[in-house]
Amino acid sequence: MSKKHFVLVMRCVLLASLCLSYHCFAETEMMWFDANELRVDGRGWEHTPTPFCRLPETVKDDVPASVWGLSHDSAGLIVHFNTNASDIAFRWTLTDGKLEMPHMPATGVSGIDLYRQSDEGVWCFSHNGRPTASENEMAVRISNPGSKLHEYKLYLPLYNGIKSLEIGVSKGAVFSQPPVSKKKPIVYYGTSIAQGGCASRPGMAFTAMLDRMLDRPIINLGFSGSGKMEPIMGQTIAEIDAEVFVIDCIWNVWPEKDELIEERTTGLIKAIRDRHPDTPILFVGQSHISRSHPTVATKALLKAFEESVDAGVQGLYFLGGDDLVGKDQDGTVDGCHPNDLGMRRHADVLAPAIQKLEEKDRKTMSTKEAVLFVGSSSIQRWDLSGSFPDLDVINRGLGGSQIVDTNKFIKRIVMVYAPKIVVFYAGDNDIAAGKSPERVFEDYKIFVHLLREEFPGTPVVYIAIKPSISRWKLVGKMREANGLIREYIEKDERMAFADVDTPMIGADGKPRKKLFLDDGLHLNVNGYKVWTGVVRPLLDKYGARPSGI
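For the structure given in this document, a descriptive report is provided here. Because the structure is a prediction, the values reported are computed rather than measured.

**Observations regarding the pattern of salt bridges**
Here's step 1: Counting across every chain of the model gives 25 salt bridges.
Here's step 2: Residue Asp211 is joined to Lys153 by a salt bridge in which the shortest nitrogen-to-oxygen separation is 2.8 Å. With Asp211 in helix 5 (residues 206-214) and Lys153 in strand 8 (residues 150-155), this pair connects stretches of sequence that are 58 residues apart. Lys153 shares its class with Asp211; the two are buried.
Here's step 3: We note a salt bridge from Arg536 to Asp390, for which the minimum N-O separation is 3.0 Å.

Listed below in structure tokens is the structure:
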């Protein structure tokens, strides 16, 4: 038999087997479930144009048109279900008749991917739905002795949208959806690589791998060519209450000017920090095949990142792009977009990095006998471990904040830690913003009231609003607020007033310049030594315990 003849015979055999498979399903009566009426996991917002879109309707006119269009691609969306059926079928209609791209197959662009959880709890690939037109069908016969209930995940197309989707199971079978995960999601904001280019199928996108590896919801906000960290995107992703925000946009922002990269980076950080004072933000460097890392693009991002860290913003982390696709040049299809090997390498690098952030937060959350420092940038910039090396200390300062901000986020930045002692500094920005001393006093009383509702016996050390060079003209109002608060504190043995005003004033009656940075507002090392000297005796008074005891 010639090779050509053999190939023709095998094609016929394959076609016959497929026909037989579908004939068997034709004889099986199916129950069909419309995915429009099911829960679709992986979405960050409840109100989207359809269940298969990735951004809320409210930003349609605000985000770039390219981003809005790409948000209708269903990358990262999952229909999660349980069934004991031996026969499962799928019917899906795509929004775009273009099924593939020159460097990415139709199975990844427009296909669907079914995974089943094994008895050992491992997610295993089951079947892939291969698109041939806008309307498609897939039938699966499952080896399921005893019709045992199994858990499935159906990953949706990466670079196409879903107009309609139905899931069929053999009549009489159980079909249900698992409870919604109580875990906070990982938000992954990035470029075409994050969206899934160029995985061979949806389950091979590294964000899908992270979903399975971390057992935590992943919200895929990858936008091909359009992950540019615009201000509106920072505000939009900040609406999600995430466990970690991962920012992987440098491929799309570079090669813009360094000034724009810095502006976009700091703006995005501020947008997230305004809503989430303590949520980790992980920036990712360029995933380039170059053997020379960091790349020029990564250096530009790293410069902007380091400037934010130097400015006192906490909870920022950086992951270089060195190993994301490997250094053997086998991890991409075109030098940029990962193939399946590159996707696996992405996941193998990112998963432990994210897990470390999760573990770091868990350890902080479970720290007993901790002294919790909250307030504005004077707290945020304080090297607490250097000032109090023998104590368990937690820094939850938020730059630029006022007392009302601490009150707003009190559950997340205070209550969750059940601290031994709370050290509070705020009011500086309040007075500068035009609030009266009486308003500052009332806002502080609200803070104490909120704290006492859950922790009635927790001591509070209030650090007086400091005198500063740049705000010296406001010192009268600041001291008036301090006076009102001090009088209030002296009536409650659970509170102490840390007078930093007196030791910060020089012989000329004005703030001592050697205690401040060049801006005349924020403290330098000498200034924090003064604060430490005032605060430490009060911590000892309330029984602050050395770490490890």
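**Some words on helix 5**
Here's step 1: Within helix 5, 8 of the 9 residues are buried, leaving the element largely enclosed by the surrounding structure.
Here's step 2: All of the buried residues along helix 5 are Phe206, Thr207, Ala208, Met209, Leu210, Asp211, Arg212 and Leu214.
Here's step 3: Looking at the residues trailing helix 5, positive phi occurs at Asp215, about 50 degrees.

**Some words on the environment of Asp96**
Here's step 1: Structurally, Asp96 is set in the loop between strand 4 (87-94) and helix 3 (106-109).
Here's step 2: Exposure remark for Asp96: the relative accessible area of 37% places this residue in the partly exposed category.
Here's step 3: A polar atom in the side chain of Asp96 sits 2.9 Å from the backbone nitrogen of Lys98.

**Topic: the nonpolar core**
Here's step 1: Within the largest apolar cluster, 60 residues are counted, with the highest numbers of intra-cluster contacts made by Trp382, Val414, Tyr444, Phe447 and Leu539.
Here's step 2: Every element with two or more residues in this core is listed here: strand 16 (371-375), helix 14 (410-413), strand 18 (421-425), helix 16 (437-454), strand 19 (460-463), helix 17 (475-489), strand 20 (495-498) and helix 18 (525-541).
Here's step 3: Once you skip the residues sitting within four places of it in the chain, Val414 turns out to touch Leu372, Val374, Pro419, Val422, Phe447 and Leu451.
Here's step 4: One finds Tyr159, Cys198, Leu282 and Leu319 within the second-largest nonpolar core, a separate group that totals 38 residues.

**As for the sheet that holds strand 18**
Here's step 1: As summarised here, the arrangement of the 5 strands in space is 17-16-18-19-20, forming an open sheet in which the pairing is parallel. Of all the strands in the sheet, the pair left with one neighbour each is strand 17 (393-397) and strand 20. Pairs of neighbouring strands in the sheet enclose a mean axial angle of 20 degrees, with direction left out of account.
Here's step 2: When strand 16 meets strand 17, the two strands line up parallel, connected through 5 bridges. Bridge pairing in strand 17 links Val371 to Val393.
Here's step 3: Running over the sheet, helix 17 touches strand 19 and strand 20 and is turned about 145 degrees from strand 20.
Here's step 4: Along the sheet, helix 18 makes contact with strand 16, strand 18, strand 19 and strand 20, crossing strand 20 at roughly 160 degrees.

**Comments concerning the state of the cysteines**
Here's step 1: Going through the model one piece at a time under the given rule, you end up with 0 disulfides.
Here's step 2: Just so you know, Cys198 is unpaired, no disulfide at all, and the nearest cysteine sulfur is the one on Cys336, 8.3 Å from it.
Here's step 3: No disulfide involves Cys249; its sulfur sits 13 Å from that of Cys336, the nearest cysteine.
Here's step 4: A relative accessible area of 2% means that Cys249 is categorised as buried.

**With respect to helix 9 (residues 296-310)**
Here's step 1: A rise of 1.5 Å per residue sets the reference length of helix 9, with its 15 residues, at 21 Å; its end C-alpha atoms lie 21 Å apart and thus fit the reference within 8%.
Here's step 2: Turning to helix 9, its buried residues are Ala297, Thr298, Ala300, Leu301, Ala304, Phe305 and Ser308. For helix 9, the arc enclosing every buried residue in end-on projection is 160 degrees, short of the 170-degree limit, so these residues lie on one face. More than 90 degrees from the buried face of helix 9, the exposed residues found are Val296, Lys299 and Asp310.
Here's step 3: Against the buried residues of helix 9 lie helix 7 (250-253), helix 8 (258-275), strand 14 (281-284) and strand 15 (316-319).
Here's step 4: Looking one or two residues beyond helix 9, the residue adopting positive phi is Gly312, at roughly 100 degrees.

**Describing the sheet that holds strand 15**
Sheets are built from strands that pair by backbone hydrogen bonding, the pairs being arranged parallel or antiparallel.
Here's step 1: One open sheet holds the 5 strands; their spatial order is 12-11-13-14-15, and the pairing between them is parallel. The outermost strands of the open sheet, each flanked by one partner alone, are strand 12 (218-222) and strand 15. Across the sheet, the axes of successive neighbouring strands diverge by a mean angle of 20 degrees, strand direction being ignored.
Here's step 2: This element, helix 5, spans strand 11 (186-190) and strand 12 of the sheet and lies at about 165 degrees to strand 12.
Here's step 3: Strand contacts of helix 9: strand 14 and strand 15, with the helix running at about 160 degrees to strand 15, the strand carrying the most contacts.

**Thoughts on the side chain of Asn524**
Here's step 1: Here Asn524 lies in the loop between strand 20 and helix 18.
Here's step 2: The class of Asn524 is buried, set by a relative accessible area of 17%.
Here's step 3: Within the structure, Asn524 has its side chain in polar contact with the backbone nitrogen of Gly527 (distance 3.0 Å).
Here's step 4: Residues within four places of Asn524 in sequence aside, it is in contact with Lys514, Leu515, Phe516 and Leu517.

Rules used throughout
- Residues numbered from 1 in each chain as written.
- Predicted model: local features only at pLDDT ≥ 70, side-chain atom pairs only at ≥ 80, totals over all residues.
- Heavy atoms only, no water.
- Salt bridge = Lys/Arg side-chain N within 4 Å of Asp/Glu carboxyl O.
- Helix = DSSP H or I, 4+ residues; strand = E, 2+ residues; numbered from the N terminus.
- Buried < 20%, exposed > 50% of the residue type's maximum accessible area, 1.4 Å probe, protein only.
- Polar contact = N/O pair within 3.5 Å; in protein donor to acceptor, adjacent residues only side chain to side chain.
- Core = buried A, V, L, I, M, F, W, Y, C linked by side-chain atoms within 4.5 Å.
- Contact = heavy atoms within 4.5 Å.
- Pairing = 2+ DSSP bridges.
- Axes fitted to C-alpha atoms, helices over the stretch in contact; angles between N-to-C directions.
- Disulfide = S-S within 2.5 Å.
- Expected span 1.5 Å × (residues − 1).
- Arc of directions from axis to C-beta.

Limitation: the analysis is restricted to geometry and does not speak to function.
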